[in-house]
Amino acid sequence: MNLINFENISLGFGGDLLLDEVNFRIKDNERIGLIGRNGMGKTSLMKLINGDLTEDSGIVSRQQGLRIAYLPQEVPQELSGTIYEIVKNGLADMVFDWSEEEMEWQSDLLVQKTLSRMQLLPEMDFDVLSAGMKRRVLLAKGLVAQPQLLLLDEPTNHLDIQSILWLEDFLLRWNGSLIFVTHDRVFLQKLTTRIVELDRGKIFDWDCDYPTFLLRKEAYLNAEQTQNALFDRKLAQEEQWIRKGIEARRTRNEGRVRALQKLREIRKERREKPGKVNLQIQEARKSGKLVIEAEDVSFGYSDQLIIRDFSFILQRGDKLGIVGPNGSGKTTLVNLLIGNLKPLKGLIQFGTNLEWVYFDQLRSQLDENQTLYENVAQGRDTIAINGQNRNVYGYLEDFLFTKERVHAPIHVLSGGERNRLLLARLFTMPANLLILDEPTNDLDLETLELLENLLLDFKGTFILVSHDRAFLNNLVTSTLVLEGDGLVREYIGGYDDWYQQSQEIMNKTNLDSETSNLSNKNLTTSEIGIPKKLNFMQKKKLQEELEQLPGKIELLESEYQQTIQKMSSSEFYNQDEKAITETASRLKWIEDEIAHTYQRWQDVEHLLADNEN
């Protein structure tokens, strides 16, 4: 069933059309990843779907009574009040078939169910929440009216990794249609059932997941390039013929002249693929082998300790990632490492010949009172890039800023354009150490991948704060994780490596706990972990347990599926809040118990295998 149907829709705001007679359908129960370069009109398309914009021409048909919820990129500044009040406002414009007497308690019931489902406390003040929690409240505000279509514009921006994982899990279980814009490649890969791309005024519907899209897109671009080259060759031949025809006018073929005019019109209407950002880092002379050394460093404010007893060595060529929950102190740690903050205890030493640039996630290095040109030129007409003088206009064109736009104030720029401008400013400075605090926010996928390739080729050292799992996996050689209570732990590798190692640590902790429990039951500690020789009765007991574990897992997984199915029904939320909360808690317990039982199965198998002889 089609929820929305676009027929020959055009939309523009001067210049090239953002949508040029496009046709597009949104069906029931699908998850659409909307992608495209910055400035191609993704947000405008979302607003058009939501009814916030009106098409210039064409017909938009919506299913009668269709309920849509839209979560924009930025959190509205004017929002205030308790979480309960803000979420309840999501019902303000909705029409329900309720009597006046039913309205208040039905509304309250919907709000309470939504807050429970989203794990939000109703009485908390919105103003004190982190950026990630504010976005969760806005999502709850959209979901409270039980929409059939959910529109999310960059939903992972400013979320930490744990929040992104929660959102992924929630959306995978959400029963409805979803369209979302994101630069997070892992998020795209996990959620999409269909990729829709906006490119030069047209919509390309790939109807596949993200990995398949990448393969098909590459093949399409190669075919387009070949087709355009053949067309241009044909046009050049005809242009050459017409010039000769002028010299011998009597021999001209009028039909061929009309065909040439048609070719010219087609070529004039062709919208070329936009140029790519041309990123270059000015690499300074090599730093010393030691870049930064922290020894027993602690830092905090008043009675809150943010970093505790932290020791670490960063050497030339290291690619360091930093991750942790929002508010855990990632930016504080960076500022300690580069000397912007002084530790309360301990010592930080810097190596020789260090030249660094710092990409601030708040982009505070950009002067709002200056134009794009002034922010980058800083009083110069030319910039030396790796030994070559570059005109400032030409340099800015490398970052996709046209000559017509470089004298505009920067407050007109989008988030992605501001990120590109800050990169343009920073890369005018030689560096052998890059400090990048959330550089991927608001960048389109193509620019993000270009930045990724640039950093892969960078010969110096960098420190990267990011929640982008693919970016971390592809770039960093080690990861610092802020684990709470001031603890900072180093893991070798990127996000996936950290996740695997942290799971192993957690499993070992659980195993140690289980060993202690078994010991209290008068069983020897050799029954799990690294064993001593087991006697006959111990082996028999473990063998019996091993035979029972598959059946236990089967029962748990069956209950898990039944619970998921129950919670997916709208009727489930007609119960009282206590029943809903108990079921949600039971589901979480089942998930943990399944993971624990699988681990136990593996441990017992290893234990018996080690005691075969």
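Residues numbered from 1 in each chain as written. Predicted model: local features only at pLDDT ≥ 70, side-chain atom pairs only at ≥ 80, totals over all residues. Heavy atoms only, no water.

This part covers the nonpolar core. Side chains of a nonpolar character, in soluble globular proteins, are inclined to be buried together. One finds Leu421, Phe427, Leu434, Leu451 and Leu455 to be the most contacted residues of the largest nonpolar core, which totals 47 residues. With 5 residues, the single largest contributor to this core is helix α12 (residues 415-426). When near neighbours in sequence (up to four residues on either side) are disregarded, Leu455 contacts Ile281, Leu434, Leu436, Phe462, Phe471 and Leu475. One finds Leu71, Ala145, Leu171 and Phe213 within the second-largest nonpolar core, a separate group that totals 44 residues. (Core = buried A, V, L, I, M, F, W, Y, C linked by side-chain atoms within 4.5 Å. Buried < 20%, exposed > 50% of the residue type's maximum accessible area, 1.4 Å probe, protein only. Helix = DSSP H or I, 4+ residues; strand = E, 2+ residues; numbered from the N terminus. Contact = heavy atoms within 4.5 Å.)

So, about the packing of aromatic side chains. All chains considered together, the criterion is met by 12 aromatic pairs. Aromatic pair Phe6 and Phe24: ring centres 5.9 Å apart, planes at 80 degrees, arrangement edge-to-face. Of this pair, Phe6 sits in strand β1 (residues 2-11) while Phe24 is found in strand β2 (residues 19-27), placing the two residues 18 residues apart along the sequence. On the basis of relative accessibility, which here comes to 0%, the residue Phe6 falls in the buried class. Accessibility expressed as a relative area gives 3% for Phe24, which makes it buried. Ring-pair connections join several aromatic residues into one group, and the members of that group are Trp206, Tyr210 and Phe213. A cation over a ring is seen here: Arg136 above Trp166, with NZ or CZ 3.8 Å from the ring centre. (Phe/Tyr/Trp six-rings, centres within 6.5 Å; stacked < 30°, edge-to-face > 60°. Lys NZ or Arg CZ within 6 Å of the ring centre and 35° of its normal.)

With respect to the secondary-structure elements, Ser177 resides in strand β7 (residues 177-181). Of note is the side chain of Ser177, whose polar atom sits 2.7 Å from the backbone oxygen of Lys27. In contact with Ser177, not counting residues within four places along its chain, are Leu3, Lys27, Asp28, Asn29, Glu30, Gln148, Leu149 and Leu150. (Polar contact = N/O pair within 3.5 Å; in protein donor to acceptor, adjacent residues only side chain to side chain.)

Another point: the confidence of the model for the chain. This prediction gives the chain a mean pLDDT of 82; 87% of its residues lie at or above 70. The low-confidence segment residues 521-532, where pLDDT is below 50, has 25 contacts with residues more than four positions distant or belonging to other chains. (pLDDT = per-residue confidence, 0-100.)

So, on to the sheet that holds strand β6 (residues 149-153). The 6 strands are arranged β5-β6-β7-β3-β8-β9 in an open sheet whose pairing can be described as mixed. Unpaired on one side and paired on the other, β5 (68-71) and β9 (202-205) mark the two borders of the sheet. Put simply, the sheet's adjacent strands are angled 15 degrees from each other on average, direction ignored. The sheet strands contacting helix α1 (residues 42-50) are β3 (31-35), β5, β6, β7, β8 (194-199) and β9, and the helix crosses β6 at an angle near 155 degrees. (Pairing = 2+ DSSP bridges. Axes fitted to C-alpha atoms, helices over the stretch in contact; angles between N-to-C directions.)

Using the criterion set out here, one finds 20 salt bridges in the structure. Linking Glu168 and Arg469 is a salt bridge whose minimum nitrogen-to-oxygen distance equals 2.5 Å. Taken together, the residues span a long stretch of sequence, with Glu168 in helix α5 (residues 161-173) and Arg469 in helix α14 (residues 469-475) at a distance of 301 residues. Under the relative-accessibility criterion, Glu168 is labelled buried at 2%. Residues Asp199 and Arg200 are paired through a salt bridge, measuring 2.8 Å at the closest nitrogen-oxygen approach. Accessibility expressed as a relative area gives 4% for Asp199, which makes it buried. Linked by salt bridges that have partners in common, Glu168, Asp184, Lys190 and Arg469 make up one network. (Salt bridge = Lys/Arg side-chain N within 4 Å of Asp/Glu carboxyl O.)

What follows is about α5. The periodicity of an α-helix, 3.6 residues per turn, causes residues three or four positions apart to be oriented the same way. Its 13 residues place the ends of α5 19 Å apart at the C-alpha level, agreeing with the 18 Å of an ideal helix rising 1.5 Å per residue. Residues of α5 that are buried include every one of Ile161, Ser163, Ile164, Trp166, Leu167, Glu168, Phe170 and Leu171, and no others. (Expected span 1.5 Å × (residues − 1).)

Turning next to the pairing of strand β10 (residues 290-301). Here β10 runs beside strand β11 (residues 304-315); their pairing, made up of 8 bridges, is antiparallel. In the sheet register, Val297 faces β11, and the bridge partner there is Phe310. In this antiparallel pair of consecutive strands, β10 and β11, the connection spans 2 residues, and Ser302 shows a positive phi of 45 degrees.

You will see that Arg200, though not glycine, has its phi angle at about 55 degrees, which is positive. Inspection of the secondary structure assignment puts Arg200 in the loop between β8 and β9. Given the relative accessible area of 10%, Arg200 is considered buried. For Asp207, which is not a glycine, the phi torsion comes out positive at approximately 50 degrees. You can see Asp207 is positioned in the loop between β9 and α7 (210-247).

Residue placement: Glu7 occurs in strand β1. Through-space distance from the C-alpha of Glu7 to that of Ile59 is 5.2 Å; in sequence the pair is 52 residues apart. Discounting residues that sit within four places of it in the chain, Glu7 has contacts with Val22, Asn23, Gly58 and Ile59.

Our next topic: the environment of Glu283. Within the secondary structure, Glu283 sits in the loop between α8 (254-269) and β10. Exposure remark for Glu283: the relative accessible area of 36% places this residue in the partly exposed category. Each C-alpha atom, one on Glu283 and one on Phe427, is 9.1 Å from the other, the two residues being 144 residues apart in sequence. Once residues within four sequence positions are removed from consideration, Glu283 is found in contact with Asn386, Ala431, Asp457, Phe458, Lys459 and Gly460.

We now examine the sheet that holds strand β17 (residues 433-437). Overall, mixed pairing links the 6 strands, which are arranged β14-β17-β18-β12-β19-β20 in an open sheet. A strand with exactly one partner marks an edge of an open sheet, and here the two such strands are β14 (356-359) and β20 (488-492). Taken pair by pair, the neighbouring strands of this sheet meet at an average axis angle of 15 degrees, ignoring direction. In terms of strand pairing, β17 meets strand β18 (residues 461-465) through 5 bridges, oriented parallel. In the sheet register, Leu434 faces β18, and the bridge partner there is Phe462.

Summarising burial for β1: 7 of the 10 residues are buried, a large majority. Taken together, the 6 bridges between β1 and β2 define a ladder with antiparallel strand orientation. Bridge pairing in β2 links Ile9 to Val22. Of the strand pairs in this sheet, β1 and strand β4 (residues 57-62) are connected by 5 bridges, and their pairing is antiparallel.

Turning next to the side chain of Asp360. Position of Asp360 relative to the elements: it lies in the loop between β14 and α10 (372-377). In this structure Asp360 comes out as buried when scored by relative accessible area, which is 10%. If we skip the residues at most four places from it in the chain, Asp360 touches Gln365, Leu422 and Asp437.

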